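Single-letter residue listing:
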Amino acid sequence: MDEWWLVFVPDPERWEPLPEEGVLGVRDLPAAVAAVGLQPGDPVFVRPDFTVDPELLEFALSPEFHPLERETRRNYALDIRLLLTWLWRRGIPWRQATESDLRAYREFRCDSPLNPSRISGAKWDREASAFTRLYRWAKVTPLPVDSRRRADRAADARSSRVSWLTPRTWGLWQDVGLRGLGPDGTPVPGWDARTELRNTSFVGFTLSSGLRRQESGAMLTFEVPSRPLRSGRYCQGQMARALSRSKRDRTFYASVDSLRQVSAYAESERAWAVERAQAQGRYEKLPQMRLITKVTTGRTSTVHWIDRDGVQGRHDLNLLDWRERQWLFVEGPQGPEPAWLWLTEQGLPMLPDRWNTVFRQANQRCERALLTPQERETPRLLRVAEIRGKVPYATPHSMRHSMALYMLILLNELMDKKYGLTAADRRDFAQLYGDPWWLVKTLLGHKDVETTKEHYLRPVMHLQLESILTFDTEDEQGETDEKKDLNGLFARLARETSGIQDIEMLVDALPVAAAS
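Since the model is a prediction, treat every value here as computed from it, not as a measurement.

Asker: Mind laying out the overall build of the protein chain, listing which residues take part and the relevant values?
Answerer: Counting its regular elements, the protein chain contains 21 helices and eleven strands. Of all intrachain contacts in the protein chain linking residues separated by at least 6 positions in sequence, the fraction that spans at least 24 positions is 65%. Counting every atom, the protein chain has about 26800 Å² of accessible surface; 51% of that belongs to carbon and sulfur.

Now the structure itself:
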């Protein structure tokens, strides 16, 4: 064997039953793992000879690596594993790798025609950051790669995760992928709708609010916004600092319609899952349970709880990360139930990374429904653009990008109505259109408006706002086209720019969209 392996420490509730005689001579493997200092989500590097590498285990527990976010640790570990395998196959110990070795690896990863799965510049920059952290911890000099050096960063770094779906396309994607409708708008025979309301509610809420997967996915029931703003169309909520990427708390807004969906989910699918879990005694078997006794408000909200041993505790709600939140329970009508909003069919917290599976399965359903058998036989990477363009494709982060694009267009249109600008006025007072960019930046929680423009709204960067806003407004001759609307604008943007998915560009996909 010439390949390195990775094992990630599972969460307490995900440990599979272990044989009585133990594993690898260890009778209580979870206790042994905890004694080493490993926590759920930590990586363990296994050499090609199937032995745990003690040096890389030390790196995984080091201050340079361990304090990183769980998903970041996972991504970095996967990147490092690929490098370790590549070096091993060439007989190069990873500590002895040189700058020329890393340059060769970069060329293979990014540019080599012999590599069928070349990566983007953005992906290389992430890998370079992982390698830099490893070699700095190991005190290797000179560093074979340093993400701070311009030469070691990709000049063409653009996030490949960026994608936009127009509102109508989200409707199509949900109808086919999450609601089990066929191309003609009728339910597919045998469709299993056990989690349909949960999944569509999550998408509607996250798409409306623009929250990240972890921010929305780790929300507690009593954090769901409930007080509408003066207009009655949106509610205001507070995002906990521990869940945000910037580690700053912020205000977010969600539409009343999306919150009605969440409420319907909580009263039906979620309540049924909790009832089944209580009847089966599933919560009593959990290794951790903190029953909330009260939540005090003031300058900060504090959660007070008591655990199974009767030990009382409290913590600032703003500082509770997603790991601690899954242990929180509230007293329900039939006994303790999770405070975590989104639950699995087993009534347990659905961890944020599991939404990736929901989206992947929905994308696969769209392929099965909207592509012919012959088109589906072609591997995804080899499909021509015409075939790929027939199927909407979404990821959890697509919701955030799509919300940003939608809000920019909508806010610009509202600005136009507020100031009563004509097309000629917009040319003379173009500076007024800086405000919507700033508002979208604020909604997304970005520190810098350039991040919003560069990474989230690139499709409209090259378009003149005058051109964007020539719908539902008077033209130079004062004529009004009543037929122009937001859907028409999004369709035009999809035709003129890359990366935006609209149903008018999806072949044979309109029947479902029309029925939505």
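We are not done yet, so read on.
Asker: Could you give me a rundown of the pairing of strand β6 (residues 290–296), with the residues and numbers involved?
Answerer: As defined by bridge partners, β6 adjoins strand β7 (residues 302–307) across six bridges and the pair is classed as antiparallel. Residue pairing in the sheet places Arg290 in a bridge with Asp307 of β7. Here β6 hands over to β7 after five residues, the two strands then running antiparallel side by side. Pairing between β6 and strand β9 (residues 328–332): two bridges, direction parallel. Counted as the bridge partner of Arg290 is Leu328 from β9.

Asker: Explain the side chain of Glu127 to me, and be specific about the residues and the numbers.
Answerer: Note that Glu127 resides in helix α5 (residues 121–137). Using a relative accessible area of 0% as the deciding quantity, one classes Glu127 as buried. Engagement of the side chain of Glu127 in a polar contact is seen with the side chain of Lys123, the distance being 2.5 Å.

Asker: Give me helix α1 (residues 29–36): which residues, what numbers.
Answerer: With a side-chain oxygen positioned 3.3 Å from the backbone nitrogen of Ala31, the residue opening α1 is Asp28. In the segment just after α1, Gly37 is the residue with positive phi, at about 110°.

Asker: Let's hear about the packing of aromatic side chains: which residues, and what values?
Answerer: What characterises a pair of aromatic rings is the spacing of the ring centres plus the angle enclosed by the ring planes. The final tally for this structure, using the stated rule, is 16 aromatic pairs. Both rings, one in Trp124 and one in Phe131, keep their centres 6.1 Å apart while their planes meet at 65°; by these two values the pair is edge-to-face. Each member of the pair, Trp124 as well as Phe131, is classed as buried. Geometrically, the ring pair formed by Tyr283 and Phe329 is edge-to-face, given 5.3 Å between the ring centres and 75° between the ring planes. With Tyr283 in the loop between α10 (269–279) and β6 and Phe329 in strand β9, the pair connects residues that are 46 residues apart, well separated along the chain.

Asker: Give me the lowdown on the pattern of salt bridges, citing residues and values where you can.
Answerer: All chains considered together, the criterion is met by 27 salt bridges. Between Asp79 and Arg126 there is a salt bridge, with its nearest N and O atoms 2.9 Å apart. Linking Asp79 in helix α3 (residues 70–89) with Arg126 in helix α5, this pair joins segments that are 47 residues apart in sequence. Classification of Arg126 as partly exposed rests on a relative accessible area of 28%. Of the charged contacts, one joins Arg323 and Asp321 as a salt bridge, the two residues approaching to 3.1 Å between their closest N and O atoms. Taken together, the salt bridges that share partners define one network made up of Asp79, Arg109, Lys123, Arg126 and Glu127.

About the thresholds
- Residues numbered from 1 in each chain as written.
- Predicted model: local features only at pLDDT ≥ 70, side-chain atom pairs only at ≥ 80, totals over all residues.
- Heavy atoms only, no water.
- Helix = DSSP H or I, 4+ residues; strand = E, 2+ residues; numbered from the N terminus.
- Contact = heavy atoms within 4.5 Å.
- Areas by Shrake-Rupley, 256 points an atom, 1.4 Å probe, with all protein chains shown as cover.
- Pairing = 2+ DSSP bridges.
- Buried < 20%, exposed > 50% of the residue type's maximum accessible area, 1.4 Å probe, protein only.
- Polar contact = N/O pair within 3.5 Å; in protein donor to acceptor, adjacent residues only side chain to side chain.
- Phe/Tyr/Trp six-rings, centres within 6.5 Å; stacked < 30°, edge-to-face > 60°.
- Salt bridge = Lys/Arg side-chain N within 4 Å of Asp/Glu carboxyl O.

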